[in-house]
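So the chains spell out like this:
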Amino acid sequence: MKICCIGAGYVGGPTMAMIAKKCHDIDVAVVDLNEERIAAWNSDCLPIYEPGLQEIVEERRGKNLTFSTEVKSHIKSADIIFISVGTPTKDYGIGAGQAPELGYIEGCARMIAEACDGPKIVIEKSTVPVRTAELVKSVFDGYNKGHLFEILSNPEFLAEGTAITDLENPDRVLIGGDSTESGKKAVQTVVDVYNRWVPREKIITTNVWSSELSKLVANAFLAQRVSSINAISAVCEVSGADVEEVANAIGMDSRIGPKFLKSSVGFGGSCFQKDILNLVYLSGHFGLPEVAEYWRQVITMNEYQRKRFTRKVIHSLFNTLQGKRIAVLGFAFKKDTNDTRESAAIYICRDLLEEGADIVVYDPQVPAEEIKHLTSDSTKIANSAEEAAKDAHAVLILTEWDEFVALDYAAIYKDMVKPAHIFDGRNILDLEKLESIGFKASCIGKS
Ligand SMILES: NC(=O)C1=CN([C@@H]2O[C@H](COP(=O)(O)OP(=O)(O)OC[C@H]3O[C@@H](n4cnc5c(N)ncnc54)[C@H](O)[C@@H]3O)[C@@H](O)[C@H]2O)C=CC1
Ligand SMILES: O=C(O)[C@H]1O[C@H](OP(=O)(O)OP(=O)(O)OC[C@H]2O[C@@H](n3ccc(=O)[nH]c3=O)[C@H](O)[C@@H]2O)[C@H](O)[C@@H](O)[C@@H]1O
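Thresholds, definitions, all that
- The written sequence of each chain sets the order in which its residues are numbered from 1.
- A letter from A marks each chain and a number from 1 marks each ligand, given out in the order of writing.
- Given that this is a predicted model, residues contribute local features only at a pLDDT of at least 70 and side-chain atom pairs are listed and counted only at 80 or more, while totals for whole chains, interfaces and linings are drawn from all residues.
- Remark: hydrogens and water are excluded; side-chain values derive from all non-hydrogen atoms of the structure.
- UniProt positions are given in the numbering used here, feature names are shortened, and annotations may be inferred rather than shown by experiment.
- Segments assigned H or I by DSSP are reported as helices when at least four residues long, segments assigned E as strands when at least two residues long, and all are numbered from the N terminus.
- Contact between two residues is taken to exist if any of their heavy atoms lie within 4.5 Å; hydrogens are not considered.
- Being near a molecule or strand, for a residue, comes down to having at least one heavy atom within 4 Å of it.
- For this analysis, a polar contact is any N or O atom pair within 3.5 Å, provided that within protein one partner can donate a hydrogen and the other can accept it, and provided that sequence-adjacent residues contribute only side-chain to side-chain pairs.
- The Shrake-Rupley method, run with a 1.4 Å probe sphere, supplies the accessible areas, and residue values consider only the shown protein chains as cover.
- Residues are grouped as follows: Ala, Val, Leu, Ile, Met, Phe, Trp, Tyr, Cys and Pro are nonpolar; Asp, Glu, Lys and Arg are charged; all remaining types, including Gly, are polar.
- Domain limits in this description derive from either an automatic procedure or a database domain assignment.
- The convention used is that axes are lines fitted to C-alpha atoms, helices contributing only their stretch in contact, and that angles between N-to-C directions extend from 0 to 180 degrees.
- Comment on the angle field: the value is read as roughly parallel under 35 degrees, roughly antiparallel over 145, roughly perpendicular from 65 to 115, and oblique elsewhere.
- It is the rotation of the near helix from the far one that decides the hand of a crossing: anticlockwise by less than a right angle makes it left-handed, clockwise makes it right-handed.
- Salt bridges, as used here, are contacts in which a Lys or Arg side-chain nitrogen is within 4 Å of a carboxyl oxygen on Asp or Glu.
- A 1.4 Å probe rolled over the protein chains alone gives each residue an accessible area, and that area as a share of the maximum for its type sets the label: buried under 20%, exposed over 50%, partly exposed in between.
- Two strands qualify as a pair provided that DSSP identifies no fewer than 2 bridges between them.
- For the purposes of this section, nonpolar cores are sets of buried Ala, Val, Leu, Ile, Met, Phe, Trp, Tyr and Cys residues that join through side-chain atoms within 4.5 Å.
- Accessible surface is computed with a 1.4 Å probe, and the buried area is the amount of it that two parts give up when combined, taken over both parts together.
- What pLDDT reports is the predictor's confidence in each residue, on a scale of 0 through 100.

Per an unreviewed UniProt entry, the protein chain is named UDP-glucose 6-dehydrogenase, and its organism is Rubritalea profundi. Of the comments in the UniProt record for the protein chain, the one headed Pathway (unreviewed entry) reads "Nucleotide-sugar biosynthesis; UDP-alpha-D-glucuronate biosynthesis; UDP-alpha-D-glucuronate from UDP-alpha-D-glucose: step 1/1." Turning to the protein chain, the UniProt annotation filed under Catalytic activity (unreviewed entry) states: "UDP-alpha-D-glucose + 2 NAD(+) + H2O = UDP-alpha-D-glucuronate + 2 NADH + 3 H(+)".

Now the structure itself:
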């Protein structure tokens, strides 16, 4: 069997590496138009940082795992084609700022139709609006090739930073397909691939529309939990309650559960905001404005949380940041990834720059040029947390990297301008300890 995945990104790369690792008899080709990205996949320096990924790629590359820019030939020879290209929010025209850009999906459908003359299973791995399979089918029909393809939906639920463990041991695998005989057969083929390592009871099969929609809903529910606890963090700060104690108390209710209740500077990442906006747009499109407004609030609360954090910093530094050095520790949207897409740090840094702050950023994985590109040329980049904090008026923790927990804060304090402030936007530090050193310390959701 041959599998081809179009799109060598954060999803295509790791998911295909896992299939290659678990199914040595299946040839897996990951293809992309981006030559630089493919070259990186074929090098010692992979284009994405993900714990455990390098080892798997090194083990299978050149055996049953290939990274290539020869898109059409791999599509042509594959039995199963995964579409794993981006579906970013549209920034122009109808639906700008809400609807997803489906141009890459359409482009893939056209390439598949042009390249193939035999039967294939085509799988939507990308996150798409409900009924996208209809779009894909109508492209195939336009080439008079609709009869050749079974279109399935198999959304991906991995989270960045834990992609390999999520893929190895997923909560569930979701496969949506048609209830026709050929549709059921195609679903079974894909079930059999995952069943090599995922227990059968964790593989759910549904119709295509349920599968497409479930992916958007899963992300919307997860983001909603973060916005809910962040809304409560504001109440905690003015009432004397402690958001971690509240999260613990409510999370022990088995109906609520303990996960995704960590208050923060706000969620980031390429998907939460994009997928909620997608759901908001779809709800509006289906004539359900109240539903659209309900989900829109999750994003509004996220924006509020970021602004609230920045306001606290400005207020604590006597309402002026002009010429003050501010050390920003962490720029990625979460720990253990080099991904900065929609990171709260971007928005917070931009607001601080607007106030005239002199920003110095340290992140263990994000390249300097990227940080500058996303903020300003005037942003300084440090090679360590200590270097960033030297002569700073304040330290801001914006990503929860483990190394920030273990820093020698007493030494950092000595080198800072007094009063030395620390704002823990991830609630990873021991505030009492920091205050005993001399810091003016604050975090999220504690007065
Ligand atoms: N990043 C994540 O953690 C997750 C992302 N997703 C979804 O998966 C999809 C892909 O996301 P990422 O991997 O993060 O995107 P990405 O932007 O990292 O990768 C997409 C790749 O597709 C390539 N591409 C676009 N059009 C192409 C074409 N016609 N032929 C060949 N290559 C083409 C691009 O060059 C790019 O390298 C999105 O729909 C996203 O919502 C789902 C779960 C998790
Ligand atoms: O579709 C996607 O792209 C993926 O989106 C998320 O994964 P990811 O964005 O990689 O990372 P998360 O761990 O979900 O974190 C998202 C953001 O929420 C923040 N977060 C998360 C949890 C929490 O309790 N508090 C909190 O602030 C994180 O710091 C991060 O900025 C989902 O968890 C995945 O299941 C999904 O596949």
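Next comes the rest of the write-up.
Trainee: Which parts of the structure should I look at to understand the side chain of R306?
Mentor: The topology assignment puts R306 in helix α12 (residues 289-316). Those residues in contact with R306, other than ones at most four positions away along the chain, are V265, F267, A344, Y347 and I348.

Trainee: Mind showing me how you'd approach the site of ligand 1 here?
Mentor: Neighbouring ligand 1 are 26 residues; D32, R37, T87, E160 and K274 lie closest to it. A distance of 2.9 Å separates an oxygen atom of ligand 1 from a polar backbone atom of V11. R37 has a polar side-chain atom sitting 2.8 Å from an oxygen atom of ligand 1. Burial of ligand 1 by the protein amounts to 89% of the accessible area it has alone, namely 840 Å². Per element, the largest residue contribution to the shell around ligand 1 is three residues, and it comes from helix α5 (residues 103-115). For the shell around ligand 1, the per-class residue count stands at ten nonpolar, nine polar and seven charged. Among the domains, domain 1 (2-206) and domain 2 (208-447) are the pair contributing at least three residues each to the shell around ligand 1.

Trainee: Sorry, what's going on with the packing of helix α1 (residues 12-22) against helix α3 (residues 53-60) here?
Mentor: When two helices pack together, their arrangement is given by the angle between the helix axes and by the axis-to-axis distance. With their axes 9 Å apart at the nearest point, α1 and α3 run at an angle of 50 degrees to one another. If you check the angle between α1 and α3, you find them oblique. Between α1 and α3 lies a crossing whose hand is left-handed. Only L53, I56, V57 and R60 of α3 make contact with α1, whose side of the interface consists of P14, A17, M18, A20 and K21. Taken together, the residues of the contact of α1 with α3 sort by class into seven nonpolar, no polar and two charged.

Trainee: What should I look at first to understand the pattern of salt bridges in this one?
Mentor: Any two side chains of opposite charge can pair, given that their charged atoms come close. The tally for this structure, following the rule as stated, stands at 26 salt bridges. When the shortest N-O distance is used, the salt bridge between K307 and D351 registers 2.9 Å. Pair noted here: K307 is in helix α12 and D351 is in helix α13 (residues 344-354), with a separation of 44 residues, a long-range link. When the shortest N-O distance is used, the salt bridge between E400 and R426 registers 3.7 Å. Residue E400 is found in the loop between β12 (394-397) and α16 (402-405), and its partner R426 is found in the loop between β13 (421-424) and α18 (431-437); the two are separated by 26 residues along the sequence. Residue classification places R426 among the buried positions, given a relative accessible area of 10%. Where salt bridges share partners, they join D242, E244, K262 and K446 into one cluster.

Trainee: For this particular structure, what's the right way to read the pairing of β13?
Mentor: Every other side chain in a regular strand lies on the same face of the sheet, so the side chains alternate between the two faces. The alternating pattern of β13 places H421 and F423 on one face and I422 and D424 on the opposite face, and all of these are buried. Note: β12 against β13, four bridges, orientation parallel. Paired with V395 across the two strands is I422, which belongs to β13. The pairing of β13 with strand β14 (residues 440-443) spans four bridges and is classified as parallel. Paired with D424 across the strands is C443, a residue of β14.

Trainee: Would you explain the nonpolar core in this entry?
Mentor: For soluble globular proteins, nonpolar side chains are generally found buried alongside one another. Counting residues in hydrophobic clusters, the biggest one holds 54 residues, and the most contacted among them are F309, L329, F331, L352, L396, Y409 and F439. It is α13 that contributes the most residues to this core, seven residues altogether. The contact partners of F331, leaving out residues within four places of it in the chain, are T340, S343, A345, I346, C349, V361, D363, V366, I371, L374, T375 and T399. Counting 42 residues, the second largest nonpolar core, distinct from the first, contains Y10, V28, F82 and I123.

Trainee: How should the site of ligand 2 be read in this particular structure?
Mentor: In the vicinity of ligand 2, 20 residues are found, and the nearest of them are F157, L158, S264, C271 and R426. K262 is positioned such that a nitrogen or oxygen atom in its backbone is 2.8 Å from a nitrogen atom of ligand 2. Considered on its own, ligand 2 offers 700 Å² of accessible surface; in the complex 89% of this is hidden by protein. At four residues, helix α9 (residues 208-239) tops the list of elements feeding residues into the shell around ligand 2. Each residue belonging to the shell around ligand 2 can be placed in one class, and the counts come to eleven nonpolar, three polar and six charged. In terms of domain composition, the shell around ligand 2 takes at least three residues from each of domain 1 (2-206) and domain 2 (208-447).

Trainee: I keep staring at the domain arrangement of the protein chain and nothing clicks. Help me out?
Mentor: Quite often, the size of an interface is put as the accessible area lost when its parts meet. Partitioning the protein chain into structural domains gives domain 1 (2-206) and domain 2 (208-447). Spacing between the C-alpha centres of domain 1 and domain 2 amounts to 32 Å. In this assembly, 39 residues from domain 1 lie in contact with 28 residues from domain 2. Both sides of the domain 1 and domain 2 interface together cover about 2,600 Å² of buried area, and 58% of this is carbon and sulfur. At the boundary of domain 1 with domain 2, the tally comes to one salt bridge. Across the salt bridge formed by R341 and E160, the nearest N and O atoms sit 3.6 Å from each other.

Trainee: Even after reading the chapter, I still don't get the sheet that holds strand β11 (residues 380-381), so can you show me in this structure?
Mentor: Strands in a sheet are paired, the pairing made by backbone hydrogen bonds, and the direction either parallel or antiparallel. A sheet is described by the order of its strands in space; here six strands give the open sequence β11-β10-β9-β12-β13-β14, paired in parallel fashion. This sheet does not close on itself; its edge strands, each paired only once, are β11 and β14. Along the sheet, α12 contacts β12, β13 and β14; its crossing angle with β13, the most-contacted strand, is approximately 170 degrees.

Trainee: I would appreciate a short explanation of the confidence of the model for the protein chain in the present structure.
Mentor: Detailed reading of the predicted model is not advised wherever pLDDT is low. Looking at the protein chain, pLDDT values average 97 and 100% of them are 70 or higher. Across the predicted assembly, pTM comes out at 0.96 and ipTM at 0.98.

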